[in-house]
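# Coordinates in review
The lines below spell out each chain.
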Amino acid sequence: YTTLFRSQRKLGRNGSHRRAMLANLVASLILEGSIETTVTRAKEVRRVAERLITRAKGGTLHDRRIVISRMNYKEAVIKLFDDVAPRFADRPGGYTRIIRTRFRVGDASPMAVISLVD
């Protein structure tokens, strides 16, 4: 019963490792515009990224400090507040897109590209 309503995927990692990995993936997504990863990681990255972009749209110092506490990567935070958030100012959500691409050669994991919507 509890697995039916699990709010987060564990991704085979403990909590601190998972948070660090997702923060790094979101920072890469913001800096690069799109990244290729597994489908399950992409779905988790989407959750984190959408919340951070919505927070950055507020633009206050409090919002900036909350984003920094979640993603401690200076260049990504600057780009998020200066470039990405104004681009989505009139959009109520849905800032990312996940496109399934292939199966990975080593273990046949389904891969996907997650990118910011233009």
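These numbers come from a predicted model, not from an experiment.

### With respect to unusual backbone geometry
Excluding glycine, residues mostly have negative phi values, and the peptide bonds linking residues are mostly trans. Residues other than glycine seldom take positive phi values, yet leucine 11 does so here, at roughly 60°. Summarising the element assignment, leucine 11 is placed in the segment before helix H1 (15-32). Looking at leucine 11, the relative accessible area reads 18%, which means it is buried. With a phi angle near 60°, alanine 108 is a residue other than glycine that sits in the positive phi range.

### Structural notes on the pattern of salt bridges
Evaluated as defined, the whole model comprises five salt bridges. Across the salt bridge formed by glutamate 44 and arginine 9, the nearest N and O atoms sit 2.8 Å from each other. Remark: arginine 9 occurs in the segment before H1 and glutamate 44 occurs in helix H2 (residues 39-58); sequence separation between them is 35 residues. Glutamate 44 gets classed as buried once you look at its relative accessible area, which sits at 1%. Note that arginine 104 and aspartate 107 form a salt bridge whose closest N and O atoms lie 3.0 Å from each other. Overall, arginine 104 belongs to the partly exposed group, its relative accessible area being 31%. Taken together, the shared-partner salt bridges in this structure form one network comprising Arg9, Glu44 and Arg47.

### Re the nonpolar core
One finds Met71 and Leu80 to be the most contacted residues of the largest nonpolar core, which totals 27 residues. The greatest single-element share of this core, amounting to seven residues, is contributed by H1. Beyond its immediate chain neighbours, meaning those up to four positions away, methionine 71 contacts Ala23, Val26, Ala27, Ile30, Leu52, Ala76, Val77 and Leu80.

### Structural notes on the layout of surface pockets
By volume, the largest pocket amounts to about 420 Å³. Listed by contribution, the elements that provide at least two residues to the lining of the largest pocket are H1, H2 and helix H3 (61-70). Here the lining of the largest pocket gets six residues from one element, more than from any other, and that element is H2. In terms of residue class, the lining of the largest pocket is built from five nonpolar, three polar and seven charged.

### Some thoughts on the sheet that holds strand E3 (residues 110-116)
If you walk across this open sheet you meet the three strands as E1-E3-E2, and the pairing is antiparallel. Each edge of the sheet is formed by a strand with only one pairing partner; in this case those strands are strand E1 (34-38) and strand E2 (96-103). Averaged over all pairs of adjacent strands, the angle between strand axes in this sheet comes to 25°, irrespective of strand direction. Pairing between E1 and E3: five bridges, direction antiparallel. By the bridge assignment, threonine 37 is partnered in E3 with alanine 112. Lying over the sheet, H1 contacts E1, E2 and E3, oriented at roughly 145° with respect to E1.

### Overview of the pairing of E2
Relative to E3, E2 runs antiparallel, the two being bridged by six bridges. Within E3, the residue paired with phenylalanine 103 across the bridge is proline 110. Count of turn residues in the E2/E3 antiparallel hairpin: six residues, of which alanine 108 carries a positive phi of about 60°.

Reading the values: rules and limits
Residues numbered from 1 in each chain as written. Predicted model: local features only at pLDDT ≥ 70, side-chain atom pairs only at ≥ 80, totals over all residues. Heavy atoms only, no water. Helix = DSSP H or I, 4+ residues; strand = E, 2+ residues; numbered from the N terminus. Buried < 20%, exposed > 50% of the residue type's maximum accessible area, 1.4 Å probe, protein only. Salt bridge = Lys/Arg side-chain N within 4 Å of Asp/Glu carboxyl O. Core = buried A, V, L, I, M, F, W, Y, C linked by side-chain atoms within 4.5 Å. Contact = heavy atoms within 4.5 Å. 1 Å grid on protein atoms, 1.4 Å probe; cavity = no way out; pocket = protein on both sides within 12 Å on 5 of 7 lines; lining within 4 Å. Points joined across faces, edges and corners; volume = space filled by probe spheres on them. Nonpolar A, V, L, I, M, F, W, Y, C, P; charged D, E, K, R; others polar. Pairing = 2+ DSSP bridges. Axes fitted to C-alpha atoms, helices over the stretch in contact; angles between N-to-C directions.

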